[in-house]
Amino acid sequence: MAEVLVVVEASQGVAKKVTLEMLTLARTLGDVSAVVLGGSAAALADKLGEFGASKIYAAEGEDLDGYLVAGKATVLAALIQRVSPAAVLLASSQEGKEIAGRVAVKLDNGLLTDVVALDADGVGTQVVFAGSTIVKSKVSKGLPIVTVRPNSLTPTPAPATPSVEQVEVALTDKDKLAKVVERKVEAKGARPELAEASIVVSGGRGVGSADNFKLVEELADLLGGAVGASRAAVDSGFYPHQFQVGQTGKTVSPQLYVALGISGAIQHRAGMQTSKTIIAVNKDAEAPIFELADFGVVGDLFKVVPQAAEEIRKRK
Amino acid sequence: MKIVVLVKQVPDSGADRNLRSDDNTVDRASASNVINEMDEYAIEEALRLQEAHGGEVVILTVGPDRATESIRKALSMGPDSAVHVVDDALHGSCAVATSKVLAAAIAQQGADLVICGAESTDGRVQVLPHMIAERLGIAALTGARKLTVDGTSLTIERQTDEGYEVVTASTPALVSVWDTINDPRYPSFKGIMAAKKKPLQTLSLGDLGIAAGEVGFDGATSTVVEHSKRPPRQAGNKIDAGDDGGSKLVEYLASEKFV
Ligand SMILES: Cc1cc2nc3c(=O)[nH]c(=O)nc-3n(C[C@H](O)[C@H](O)[C@H](O)COP(=O)(O)OP(=O)(O)OC[C@H]3O[C@@H](n4cnc5c(N)ncnc54)[C@H](O)[C@@H]3O)c2cc1C
Ligand SMILES: Nc1ncnc2c1ncn2[C@@H]1O[C@H](COP(=O)(O)O)[C@@H](O)[C@H]1O
C-alpha cells in the first residue's frame with residue numbers, strides 16, 4: 001500500500017490531538033508513517049503507534065529546534081523526494097502551514113490548507129468565507145500536500161508497532177536565518193487547548209471586565225472546556241489575544257460552544273460556525289448570535305451564568 | 001532602509017462573500033473590496049520604522065485593476081509610492097504562483113525589509129510569507145506582535161500556543177504581523193489629497209520576467225473541483241431567562257449529555 005506521511009505536531013513532548021486525527025485520516029489513504037521534525041521521537045513513539053503509525057521518521061537536533069521552520073521544510077522536502085509518498089498531511093497550525101508552504105515552493109507542488117476532510121482521490125473539503133461556503137479542491141501539480149484543521153474528525157486507535165528510522169538533518173545557512181533566542185511558556189493551567197477542546201465557553205464585550213471573566217472561566221471549568229473570547233473582549237483587555245475566536249483569531253469546531261455576551265458578528269461566527277451545538281446567553285433578543293444558536297437564553301449573563309454554575313455543581 | 005509592504009485587496013469580511021459559479025474564483029466584481037485588514041497593521045509598522053530610522057516605504061500589490069482603490073487608500077496613510085502588478089494572465093493564480101510574482105517584484109525593488117500581514121481574510125492561507133521568503137532566500141519572521149529594528153538586526157516577539165517566542169534575524173528579511181502589533185492610523189485629509197499624486201508604477205508579468213503560463217489557471221498547482229453554499233444553521237429554541245434561565249440552560253446541557 002502507498003505510504004502516507006503525517007507530520008507530527010507535539011507540545012512539550014506530547015502528541016497533540018490533531019496529530020492523532022491526522023493519523024486516523026491517513027489510515028484511510030494508505031500505510032501511515034509519522035514524521036517527527038525536531039524534539040524527541042522516542043517520547044512520542046508509543047502514542048504514534050497506538051494510532052496506527054507503522055513507521056516513524058525521526059529528524060532531531062538543535063538545528064531544527066533553534067530556528068523557525070525553514071530547516072524543517074528542507075528535511076521534509078528531502079524525505080518526500082526520497083520516499084515518494086502518496087500524500088503528506090500536516091496540521092493547520094501556523095507552523096504546519098508554514099512548513100507546507102515552503103515545501104510546496106521547493107517541490108513546485110500544490111497544497112491545500114485548512115482541510116476538514118480528504119478522500120482517497122485527494123479531493124479535500126474546505127469551509128471558507130466565515131463558514132458560508134464549502135469548497136472541494138484538489139492538488140493538480142504533484143502529490144497532495146494538505147494541512148488538516150483540528151477537530152475535523154474523531155481519532156480512533158489502531159495499534160501498530162512502529163519502526164524508527166533516523167533521518168539525516170543536512171541544513172544550509174539559508175535554513176538558519178531566523179533564530180529563536182527565547183521560548184517562554186506561560187502558565188496554562190489545566191484547561192484544554194482552545195483549538196482542540198471539545199467544549200469552549202467564550203465571553204464577549206457583554207462580560208464587561210477582565211475581572212468578570214472569572215465567570216466565563218468558572219463555567220468552562222465546570223464543563224471541562226476551554227475559554228475563548230470575542231475580539232471586542234480581547235481589544236478591551238478583558239482576556240489575552242491567544243484566546244480570540246474568529247476571523248483573526250482561532251477557528252474552533254467543538255462539540256459545544258457557549259457564547260456569553262457575544263453579539264455574533266460575522267467575523268466571530270467565522271471562527272465557531274461549525275461547532276456541533278451552540279448555546280448563547282445575551283440580553284438582546286435581536287442579537288444575531290441567536291440565529292445560529294441551538295439553545296438561546298435571552299437574559300442577563302450575570303444572573304444566568306452563576307445560576308447555571310450552581311445547578312451544575314448540584315448535579316455533580 | 002527600503003521597506004516594501006505587501007497589501008492585498010480582499011472582499012469585505014463583514015459582508016456576503018462568494019465564489020464565482022463560472023470559474024470558481026473569488027467573486028471580486030460584486031463584492032465590496034477593502035484592504036486586507038492585517039495589511040493595515042503592516043503599513044503602520046513600516047511607517048513607524050520610517051519615522052524612527054528614515055528610509056522609504058513602498059506598497060506592493062498583485063491584483064486586478066480595481067485594486068488601485070486600495071493602493072491609493074494605503075498611500076493615503078503615508079507611504080511614498082506603490083507598485084501594482086496587474087496582468088490578465090494572473091486570474092486564477094494559486095498561492096504558489098502568487099508567491100512567485102510577489103518574490104520577483106520584491107527582488108526587483110531591492111527591498112531591505114518586507115512587511116506583510118500574517119494572513120489574508122479571503123484565503124486565510126497564511127502561507128505566502130514563508131513561500132516568498134523561501135524563494136528569496138531571506139529570513140521570515142512571521143506572526144510578530146512586536147518588532148524592534150537596530151541597524152540591520154531585527155527582533156520579533158510572536159505568540160505561540162504555549163506562550164511566546166523571541167526570534168532574531170538580519171536584513172534582508174520578511175516580517176509578517178498580527179493585529180496585536182499596533183493601532184493603524186487613519187488617513188488625514190492631507191494624506192488623502194497627497195496620495196492622489198504619489199507615484200504608482202504598474203508592472204506586467206513580462207516586466208518581471210514571468211511567462212503567462214507559469215501563473216493563472218494554466219500554472220495553477222491546485223484546482224477547485226466544486227463549491228456550494230453551506231446551508232445556514234437553523235436557530236433552535238430561544239427562551240426568556242425569567243428567574244430560572246440558568247437552570248433551564250443546564251437542563252438543556254443535560255439533555256444533550258454535556259453534564
Ligand atoms: C477584519 C475583521 C476581523 C475581525 N475578526 C474578529 C475575530 O476574529 N473575532 C471576533 O470575535 N470578532 C472579530 N471582528 C470584530 C467583529 O466584527 C465584532 O466587532 C466583535 O465580534 C464583537 O464582539 P462582541 O460580540 O463581544 O461585542 P458586541 O458586538 O459589542 O456585543 C456584545 C453583546 O453582549 C450583550 N450583552 C451586554 N451585556 C450583557 C449582559 N449583562 N448579559 C448578556 N448579554 C449582554 C449585548 O447585547 C451584545 O449583543 C473582526 C472585525 C473585522 C473588521
Ligand atoms: N496578491 C497579493 N498582493 C500583495 N500582497 C499579498 C497578496 N496576497 C497575499 N499578500 C500578503 O501576504 C499576506 C498573507 O497572505 P495569505 O498567505 O494569503 O494569508 C497578506 O496579509 C498580504 O500582506
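Residues numbered from 1 in each chain as written. Chains lettered and ligands numbered in written order. Predicted model: local features only at pLDDT ≥ 70, side-chain atom pairs only at ≥ 80, totals over all residues. Heavy atoms only, no water.

Topic: the overall build of chain A
Note the following rule: Secondary structure elements are defined from DSSP: runs of H or I of at least 4 residues count as helices, runs of E of at least 2 residues count as strands, and each element is numbered from the N terminus. C-alpha atoms define the radius of gyration, and 2.2 Å times the number of residues to the power 0.38 defines the globule rule. Type-normalised accessible area, obtained with a 1.4 Å probe on protein chains alone, sets the label of each residue: buried when under 20%, exposed when over 50%, and partly exposed for intermediate values. Any pair of residues with heavy atoms lying within 4.5 Å of one another is described as a contacting pair. Working definition of accessibility: Shrake-Rupley area with a 1.4 Å probe, residue cover restricted to the visible protein chains. Under the convention used here, Asp and Glu are negative, Lys and Arg are positive, and both His and the chain ends fall outside the count. Taken as the charge centre is NZ of Lys, CZ of Arg, CG of Asp or CD of Glu, depending on the residue.
Counting secondary structure elements, chain A contains nine helices and 17 strands. Over its C-alpha trace chain A gives a radius of gyration of 21 Å, about what one expects of a compact globule, namely 20 Å for 316 residues. Here chain A holds 316 residues, and the buried ones make up 59% of them. Residue pairs in contact within chain A that sit at least 24 positions apart in sequence constitute 64% of those at least 6 positions apart. Carbon and sulfur atoms provide 50% of the accessible area of chain A, an area that totals close to 11900 Å². Here chain A holds 33 positive side-chain charges and 36 negative ones, and the gap between their average locations is 2 Å.

Some words on the state of the cysteines
Covalently bonding the sulfur atom of one cysteine to the sulfur atom of another cysteine gives a disulfide. All names here are of chain B. The criterion, for reference: The disulfide criterion is simple: two cysteine sulfur atoms within 2.5 Å.
For the structure on display, the rule yields zero disulfides over all chains. A disulfide-free cysteine, Cys94 has its sulfur positioned 18 Å from the sulfur of Cys116, the nearest such atom. Residue classification places Cys94 among the buried residues on the basis of a relative accessible area of 9%.

Let's talk about the packing of aromatic side chains
For any pair of aromatic rings, geometry is given as the distance between the ring centres together with the angle between the planes. Stated precisely, the cut-off is as follows: Note on ring pairs: Phe, Tyr and Trp rings are taken, using the six-membered ring of Trp, and paired if centres are within 6.5 Å. Classes follow the plane angle, with under 30 degrees stacked, over 60 edge-to-face and the rest tilted.
Enumeration according to the criterion identifies four aromatic pairs over all chains in this entry. Look at Phe213(A) and Tyr239(A): their rings are 4.6 Å apart centre to centre, the planes differ by 20°, and that puts the pair in the stacked class. Of the two residues, Phe213(A) sits in helix 6 (residues 213–223) while Tyr239(A) sits in the loop between helix 7 (231–235) and strand 15 (256–260), which places them 26 residues apart along the sequence. Grouping residues by exposure puts Phe213(A) and Tyr239(A) together as buried. Between the aromatic rings of Phe295(A) and Tyr252(B), the centroid separation amounts to 4.5 Å while the plane-to-plane angle is 10°, which identifies the pairing as stacked. Taken together, the positions of Phe295(A) in strand 17 (residues 295–298) and Tyr252(B) in helix 7 (residues 245–255) put the pair across two chains. An aromatic cluster is defined as three or more aromatic residues linked by ring pairs; in this entry it consists of Phe213(A), Phe238(A), Tyr239(A) and Phe243(A).

Observations regarding the UniProt feature "domain: Electron transfer flavoprotein alpha/beta-subunit N-terminal" (unreviewed entry) in chain B
Note the cut-off: UniProt positions are given in the numbering used here, feature names are shortened, and annotations may be inferred rather than shown by experiment.
The UniProt record annotates "domain: Electron transfer flavoprotein alpha/beta-subunit N-terminal" (unreviewed entry) at residues 23–212 of chain B. Taken end to end, residues 23–212 of chain B comprises 31% helix and 29% strand; its first and last C-alpha atoms sit 18 Å apart.

A look at the UniProt feature "domain: Electron transfer flavoprotein alpha/beta-subunit N-terminal" (unreviewed entry) in chain A
UniProt records the feature "domain: Electron transfer flavoprotein alpha/beta-subunit N-terminal" (unreviewed entry) for residues 4–184 of chain A in the present numbering. Between the end C-alpha atoms of residues 4–184 of chain A there is a gap of 34 Å, over a span that is 27% helix and 33% strand.

Regarding the domain arrangement of chain A
Residue and element names in this part refer to chain A. In plain terms, the rule: Marked domain ranges trace back to an automatic or database domain assignment. Defined in terms of a 1.4 Å probe, buried area is the accessible area two parts forfeit on being brought together, summed over both. Whenever a carboxyl oxygen of Asp or Glu lies within 4 Å of a side-chain nitrogen of Lys or Arg, that contact is scored as a salt bridge.
Here chain A is described as being made up of domain 1 (3–176) and domain 2 (194–314). Taking only C-alpha atoms into account, the centre of domain 1 sits 31 Å from that of domain 2. Facing the nine residues of domain 1 at the interface are ten residues of domain 2. Interface area for domain 1 against domain 2, summed over the two sides, is near 770 Å², with a carbon-plus-sulfur share of 49%. Linking domain 1 with domain 2 are zero salt bridges, by the criterion used here.

Overview of the sheet that holds strand 8 (residues 123–128) of chain A
What counts, and what does not: Paired strands are those between which DSSP finds at least two bridges. Every angle, taken between N-to-C directions, lies between 0 and 180 degrees, and every axis is a line fitted to C-alpha atoms, over only the stretch in contact when it is a helix.
Overall, mixed pairing links the ten strands, which are arranged 11(A)-5(A)-4(A)-1(A)-6(A)-10(A)-7(A)-8(A)-9(A)-12(B) in an open sheet. In the strand order of this sheet, the two ends are held by strand 11 (163–166) of chain A together with strand 12 (222–229) of chain B, each with one partner. Within this sheet the neighbouring strands show an average axis-to-axis angle of 35°, counted without direction. Bridging between strand 7 (residues 112–118) of chain A and strand 10 (residues 145–148) of chain A involves two bridges; their strand directions are parallel. Its bridge partner being in strand 10 of chain A, Val115(A) is matched across the sheet by Val148(A). In the packing of helix 4 (residues 70–83) of chain A onto the sheet, contacts are made with strand 1 (3–7), strand 4 (31–37), strand 5 (55–59), strand 6 (87–91) and strand 11 of chain A, and the angle to strand 1 of chain A comes to roughly 175°.

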